Each structure stands twice: as C-alpha cells, then as structure tokens.
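The primary structure of each chain is shown beneath.
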Amino acid sequence: QAVEQAKGEYVCILNPDTAVAPDVFDKCLDFIKATPDCGAVGVRLIDGIGNFLPESKRNLPTPKVSLSKITGSKKQNNTYYANHVAEEATGAVTVLPGAFMFMRRSLYNKVGGFDKAFFMYGEDIDLSYSIEKAGYKNYYLGSAHVLHYKGESSQQDKVYLDRFYGAMHIFYKKHFSKNFFQDGLIYLGIETTKFLKGFSLR
C-alpha cells in the first residue's frame, strides 16, 4: 500500500522493529547507482545486543538447501545462509530479508512487488527471487548496518507456525512444484518440521 502511494525513485522495505544507522541510505543509494545490475540492496542486520543476524544474506531455499538447514548440514553449496559473502563484505546473494530491502520503485513494480498470497513470511524470499529471474542481482552490503530487534514484530505461537510454514508451501508450489510424488514428500517434510517446532515451543 505504501509503495502504491510513493512518489520517489527509490523505496525501502523496512521492518517496524528496526533502528537505521545515519549513513545507511546514503551507502545504499551510492551503491545502487554505481552497480548497473543491482536489483535490491540489503545490509548487515544486528540484534539488540550487537550479534550479527545470519538471515541478512541467504541462498535460495530450494528443497535441497532447506533440507540442509533442517539436518544441520554445513556443506558450502548447500547452506541456507549465504556464507560465501563475509559478514562485513559486499557481494551478490539470492535472498535479502524483508526487514530491509532498498531498490528502485520501478523495479519493485516491474516484478509485481510482494505477492499477496503471502501474509507475513516468505514474501521477501519470493520478491528476491523474482528480482533475480528478471535479470538483476541482489547485493548484500556489509559496510552498512541496521539494528533489528528480531522477534518484536511477531510472536512464536500456533498462528506464527501456520503462517511461517504455510509460506513455505506457497513458495514451493509457485517456484518448484514438479510432480505429485515429489510435492507430497516436500509437503510431508514441511508439516513434520512444523509439528516438531510446535512441540518444541510447547
């Protein structure tokens, strides 16, 4: 709704539970202007006590990558997080977090913006992937940081689990659905993980 009202050349998707350092927008603007293939820019997110949040830069959660996260696999080409780019470095990554995404408004509109099929989770992954499929790259800018009081915008309860794992279903069906057998295995995996997570929270 905000992007529809916006008039500027650039937009920034920003969580309400964040605090932005004074130089962040200048750094993002300078970078995107100097990088022709740049789709969106993300930054180094840190939590309320100064710890780096690895979801600042992620790989595409293909079924294989998602499995590696669930099983704890550390293989470089299977990791959920984009560990090929150092915490304070700059580099191309597939997925940026919706807590902070800086981009041209024209590109946001070109790729269709946030898919309304997603309620709260997964829409940033979908938008990042849509930008890549449109021929652009998403960049992580480690020299800029934003404080993200992670968890303040959501509460981990049954509603959270339904929305979070429901988003996994939506994303998989939209981008990776292939056949009845594989789809069934993926959905079973998602529901099993959801059950185990719910049991752990209880």
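Before going into details, it helps to say that this report is about the structure given with it. (Residues numbered from 1 in each chain as written. Predicted model: local features only at pLDDT ≥ 70, side-chain atom pairs only at ≥ 80, totals over all residues. Heavy atoms only, no water.)

### Some points on the side chain of His148
Summarising the element assignment, His148 is placed in strand S6 (residues 137-148). Overall, the relative accessible area of 8% leaves His148 in the buried class. At a separation of 3.4 Å, a polar atom in the side chain of His148 contacts the side chain of Asn15. Once residues within four sequence positions are removed from consideration, His148 is found in contact with Asn15, Asp17, Thr18, Leu45, Ile46, Asp47, Gly48, Leu53 and Ala99. (Helix = DSSP H or I, 4+ residues; strand = E, 2+ residues; numbered from the N terminus. Buried < 20%, exposed > 50% of the residue type's maximum accessible area, 1.4 Å probe, protein only. Polar contact = N/O pair within 3.5 Å; in protein donor to acceptor, adjacent residues only side chain to side chain. Contact = heavy atoms within 4.5 Å.)

### Overview of the pairing of strand S5 (residues 100-104)
Here S5 lies mainly inside the structure; four of its five residues are buried. Bridge count for strand S1 (residues 10-14) against S5 is five bridges, and the pairing is antiparallel. Residue Ile13 lies in a different strand from S5, and its bridge partner there is Met101. As paired strands, strand S3 (residues 38-46) and S5 are joined by two bridges and run antiparallel to one another. In the strand pairing of S5, Val41 is matched with Phe102. (Pairing = 2+ DSSP bridges.)

### Things to note about the pattern of salt bridges
A complete count under the given rule lists three salt bridges for this structure. The salt bridge involving Asp23 is made with Lys27; its shortest N-O contact spans 3.1 Å. With a relative accessible area of 31%, Asp23 lands in the partly exposed category. A relative accessible area of 28% means that Lys27 is categorised as partly exposed. A salt bridge links Arg58 to Asp124; the nearest nitrogen and oxygen atoms lie 3.2 Å apart. Here Arg58 is found in the loop between S3 and helix H3 (63-71), whereas its partner Asp124 is found in helix H5 (residues 123-133), with 66 residues between them in sequence. Per residue, the accessibility class of Arg58 equals that of Asp124, and both read buried. (Salt bridge = Lys/Arg side-chain N within 4 Å of Asp/Glu carboxyl O.)

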